Amino acid sequence: MSTHECRGCNARYDAVSWRSLPFVEALGPDESRDVFTEWPWSRDSTLELRRCACGQTVASLESRRASHAA
Ligand SMILES: [Zn+2]
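Within each chain, residues carry numbers counting from 1 in the order of the written sequence. Local features are withheld for residues below a pLDDT of 70 in this predicted model, meaning they are given only at 70 or higher, and side-chain atom pairs are given and counted only at 80 or more; totals for whole chains, interfaces and linings count all residues. Values reported for side chains reflect all heavy atoms of the structure, with hydrogen atoms and water molecules removed beforehand.

1. Observations concerning the overall build of the protein chain
Note the threshold: Note on conventions: DSSP H or I runs of at least 4 residues are helices, E runs of at least 2 residues are strands, and numbering of each starts at the N terminus. Taken over C-alpha atoms, the radius of gyration is set against a globule rule of 2.2 Å times the number of residues to the power 0.38. Any residue under 20% of the maximum accessible area for its type is buried, any over 50% is exposed, and the rest in between are partly exposed; the area is computed with a 1.4 Å probe on protein chains only. What makes two residues a contact is simply this: any of their non-hydrogen atoms within 4.5 Å. Areas reported here follow the Shrake-Rupley algorithm with a probe of radius 1.4 Å; residue values treat only the protein chains shown as occluding. As used throughout, the charge tally considers Lys and Arg to be positive and Asp and Glu to be negative, leaving His and the chain termini uncounted. Working definition for charges: the position is that of NZ of Lys, CZ of Arg, CG of Asp or CD of Glu.
Of the regular secondary structure elements, the protein chain holds one helix and five strands. For a compact globule of 70 residues, the expected C-alpha radius of gyration is about 11 Å, and the protein chain comes in at 12 Å, within 12% of that figure. The dimensions of the protein chain, computed from C-alpha atoms along their principal axes, are 30 × 30 × 15 Å. Residue burial in the protein chain is summarised as follows: out of 70 residues, 29% are buried. In the protein chain, once contacts between residues fewer than 6 apart in sequence are set aside, the share between residues at least 24 apart is 36%. Accessible surface, the protein chain as shown: approximately 4800 Å² in total, 48% of it carbon and sulfur. Here the protein chain contributes 9 positively and 10 negatively charged side chains, and the mean placements of these two sets differ by 2 Å.

Given below as structure tokens:
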């Protein structure tokens, strides 16, 4: 079980509470060229961004395949 820490306010979210945050965007290997020169994770993964109460985005790496555990 991973937790996600906000860089803005240091709030910690577990997977369930993180999913309750407002969705911002999801970046995949083909949508992230301006962020990463090379996608550092599996091509089955997307980096999902959600909005913390403080305004910062909190990212989580999500697998597109439910059976695939990172
Ligand atoms: Zn925050």
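Now that the structure is up, let's keep going.
2. Brief notes about the side chain of E48
Stated formally: Definition of a polar contact: a pair of N or O atoms within 3.5 Å, with one able to donate and the other able to accept a hydrogen when the atoms are protein atoms, and with sequence-neighbouring residues admitted only if both atoms are side-chain atoms.
Position of E48 among the secondary structure elements: in strand β4 (residues 45–51). For E48, the side chain forms a polar contact with the side chain of R50, separated by 2.9 Å. Ignoring anything within four residues of it in the chain, the contact list for E48 reads W18, F23, E25, A26, V58, A59, S60 and E62.

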